[in-house]
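# Observations on the model geometry
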Amino acid sequence: MGNGIQDGDPRDAELKARLDTLSKAISAGKSEKEAEEQAASRRDDASVGRSMGMGFRVASELFAGILVGGFIGWWIDRWFGTEPAGLIIMLMIGAVSGFWSVYKLAAKPASVATGAQGQDEKATGNGSPDKRG
Amino acid sequence: MDPIKQFTVSKIGPSISFFGHDLSLTNSSLFMIIVTALVLLVMLYGTRGKALVPGRLQAGAEMLYEFIADTVRSTTGKEGMRFLPLVFSLFMFVLFANLIGLIPGTFTVTSQIAVTFAFAMIVMTTVVIFGFMKHGLHFLDLFSPSGVPGVLKLIIVPIEVISFIARPISLSVRLFANMLAGHIALKVFAGFIVTLTGAGVWAILSPLPLIMIVALMALELLVACLQAFVFAVLTCIYLNDALHPGH
């Protein structure tokens, strides 16, 4: 087996040529894969921005709902002298409305929620439970 | 070293009084003027050449315009394009104010809730006035979604009303809180550097907060652009409600 390579010179050249083409094919595949990975990471960057925006929105909707509910309840109490009842009830309604807007935000297909996205997401937006959107 | 000190509004120049109102120039209004001037400069100077093959500044100006125009078109449809000037002005002002605020020593206009709330109220006033103008009382359909049975409406309508009132607040608080928190975090970490350098042996640790600041600065840059974009997108979504309420 050891000297089998040495005596077949034409076969050796043939093998070498084949090795060359194979390694070329491998490197071509590799660079293609690298380019794909780069594109994927760029997509990831964009989606990081999108999800960060979404997160900020969810947090602020929730906060604002509770704040507005509490504020309205406080004023109701001041006007009608219904000391804690107005604040408690309106605070709860405010919290519910905060959750309600977060639900609407999440139930919408991503294209409506974040705006600038293309039609491709609209097509895949799997029938939102929110019939108003 | 007080991390809040950077947000104090102080008078500069002579004090001007107008019918009893104090209209003197403050550092806040000075930076608003700077921001507006920079936006004008970039847009006017950038599009001055009208070159077929755009230069760097023209490409930037065109990209910003196209970006916002696409956002408005995809969110509100062709009808909403009449609001493009409003959305684009708001976006450019907020973006430039956020970015200029990141330069050390400057004043961040958008870290004042008075400013962001004024912007949010401009948007909501436009929504309400335009909604009533276009749809009359049908604009109120916004609060009672179709296909909801009567009993449920008693619950849904107050909730919808409160979530509508909460909109300008969430819109302004989000922008203001993000800018405020980011700038305070930067200042606090900068304070750590100073304290550590003056703390004898512990001075070896002082590069750590510096690295943190570099990382935070990158994050703040992202947040500055993102918040301007989110503000513009939400403006579009709310304007869309004025165009097509309750369906």
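Residues numbered from 1 in each chain as written. Chains lettered and ligands numbered in written order. Predicted model: local features only at pLDDT ≥ 70, side-chain atom pairs only at ≥ 80, totals over all residues. Heavy atoms only, no water.

## Some words on the overall build of chain B
Within chain B, the secondary structure is distributed over six helices and two strands. What you see in chain B, going N to C, is helices and strands ordered as β-β-α-α-α-α-α-α. Viewed in the frame of its principal axes, chain B has a C-alpha envelope of about 70 × 55 × 45 Å. For chain B, the proportion of its 247 residues judged to be buried stands at 43%. (Helix = DSSP H or I, 4+ residues; strand = E, 2+ residues; numbered from the N terminus. Buried < 20%, exposed > 50% of the residue type's maximum accessible area, 1.4 Å probe, protein only.)

## Some thoughts on the overall build of chain A
Across its full length, chain A carries five helices and zero strands. Shown N-terminal to C-terminal, the secondary structure of chain A runs as helices and strands in the order α-α-α-α-α. Here chain A, with 133 residues, has 22% of them falling under the buried criterion. Sequence-distant contacts, at least 24 apart, represent 45% of the contacts inside chain A between residues at least 6 apart. (Contact = heavy atoms within 4.5 Å.)

## Overview of the interface of chain B and chain A
In this assembly, 29 residues from chain B lie in contact with 30 residues from chain A. Here chain B and chain A share an interface that buries about 2,400 Å² over both sides, 71% of which is from carbon and sulfur atoms. Counting across the chain B and chain A interface gives one salt bridge. As a salt-bridge pair, Lys104(A) and Glu160(B) come within 3.3 Å of each other at their nearest N and O atoms. In this structure, the connection of chain B to chain A is made through three residue pairs in polar contact (both at pLDDT 80 or more). Per element, the largest residue contribution to the side of chain B that touches chain A is 12 residues, and it comes from helix 5 (residues 150–197) of chain B. Each residue belonging to the side of chain B that touches chain A can be placed in one class, and the counts come to 19 nonpolar, eight polar and two charged. (Buried area = accessible area lost by both parts, 1.4 Å probe. Salt bridge = Lys/Arg side-chain N within 4 Å of Asp/Glu carboxyl O. Polar contact = N/O pair within 3.5 Å; in protein donor to acceptor, adjacent residues only side chain to side chain. Nonpolar A, V, L, I, M, F, W, Y, C, P; charged D, E, K, R; others polar.)

## Here we look at the pattern of salt bridges
Residues and elements named next belong to chain B. The final tally for this structure, using the stated rule, is four salt bridges over all chains. For arginine 167, the salt bridge identified is with aspartate 241, shortest N-O distance 2.8 Å. With arginine 167 in helix 5 and aspartate 241 in helix 6 (residues 207–243), this residue pair connects regions lying 74 residues apart in the sequence. Residue arginine 167 is classed as buried on the basis of its relative accessible area, which comes to 14%.

## Considering the environment of Thr47(B)
All names here are of chain B. Looking at the secondary structure, you find threonine 47 in the loop between helix 1 (27–46) and helix 2 (56–76). Judged by relative accessible area, threonine 47 falls into the partly exposed class, the value being 32%. It is 8.0 Å that separates the C-alpha atoms of threonine 47 and leucine 57, two residues lying 10 residues apart in sequence. The contacts of threonine 47, once residues within four sequence positions are left out, are Val42, Gln58 and Ala61.

## Topic: the packing of aromatic side chains
All names here are of chain A. According to the stated counting rule, one finds 14 aromatic pairs over all chains in the structure shown. Taking the centre distance of 6.4 Å and the plane angle of 65° together, the rings of phenylalanine 71 and tryptophan 75 count as edge-to-face. In this pair, phenylalanine 71 and tryptophan 75 both sit in helix 2 (residues 9–80), four residues apart, roughly one turn of the helix. Of the aromatic side chains, those joined through ring pairs into one cluster are Phe71, Trp74, Trp75 and Trp79. (Phe/Tyr/Trp six-rings, centres within 6.5 Å; stacked < 30°, edge-to-face > 60°.)

## Focus on the packing of helix 5 of chain B against helix 6 of chain B
When two helices pack together, their arrangement is given by the angle between the helix axes and the distance between those axes. Residue and element names in this part refer to chain B. As a packed pair, helix 5 and helix 6 sit with axes 10 Å apart at the nearest point and diverge in direction by 175°. The orientation of helix 5 with respect to helix 6, classified from their angle, is roughly antiparallel. Residues that form the contact of helix 5 with helix 6 fall into these classes: 20 nonpolar, four polar and four charged. (Axes fitted to C-alpha atoms, helices over the stretch in contact; angles between N-to-C directions. Parallel < 35°, antiparallel > 145°, perpendicular 65-115°, else oblique.)

## Topic: the confidence of the model for chain A
Per-residue confidence for chain A averages 75 on the pLDDT scale, and 72% of its residues sit at or above 70. The low-confidence segment residues 111–133 of chain A (pLDDT under 50) makes 40 contacts with residues lying over four places distant or belonging to another chain. (pLDDT = per-residue confidence, 0-100.)

## Looking at a nonpolar patch on the surface
Residues and elements named next belong to chain B. Taken together, the side chains of Ile12, Leu25, Leu30, Ile33, Ile34, Leu38, Leu41, Tyr45 and Leu57 define a hydrophobic patch exposed on the protein surface, amounting to about 720 Å² of accessible area. Considering every element that reaches the nonpolar patch, the biggest residue donor is helix 1, with six residues. Positionally, leucine 30 belongs in helix 1. (Patch = residues over 30% accessible without salt bridge, like charges linked within 9 Å, V, L, I, M, F, W, Y side chains within 5 Å. Areas by Shrake-Rupley, 256 points an atom, 1.4 Å probe, with all protein chains shown as cover.)

## Focus on the nonpolar core
Ranked by internal contacts, the top residues of the largest apolar core, which has 52 residues, are Ile68(B), Phe91(B) and Val127(B). Contributions of two or more residues to this core are made by helix 1, helix 2, helix 3 (84–101), helix 4 (113–135), helix 5 and helix 6 of chain B. No other element matches helix 6 of chain B, which puts 14 residues into this core. Beyond its immediate sequence surroundings of up to four residues, Val127(B) is in contact with Phe139(B), Phe164(B), Tyr238(B), Leu239(B) and Ala242(B). Judged by nonpolar contacts, the second largest core, of five residues, contains Val68(A), Met90(A), Ile162(B) and Ala166(B). (Core = buried A, V, L, I, M, F, W, Y, C linked by side-chain atoms within 4.5 Å.)

## Remarks on helix 3 (residues 83–107) of chain A
Working note: α-helix, 3.6 residues per turn, so residues spaced by three or four point in the same direction. Compared with an ideal rise of 1.5 Å per residue, which puts 25 residues at 36 Å, helix 3 of chain A spans 37 Å between its outermost C-alpha atoms and is within 8% of the ideal. Gly86(A), Met90(A), Gly94(A), Ala95(A), Ser97(A), Gly98(A), Ser101(A), Val102(A), Lys104(A), Leu105(A) and Ala107(A) are the residues of helix 3 of chain A that are buried. (Expected span 1.5 Å × (residues − 1).)

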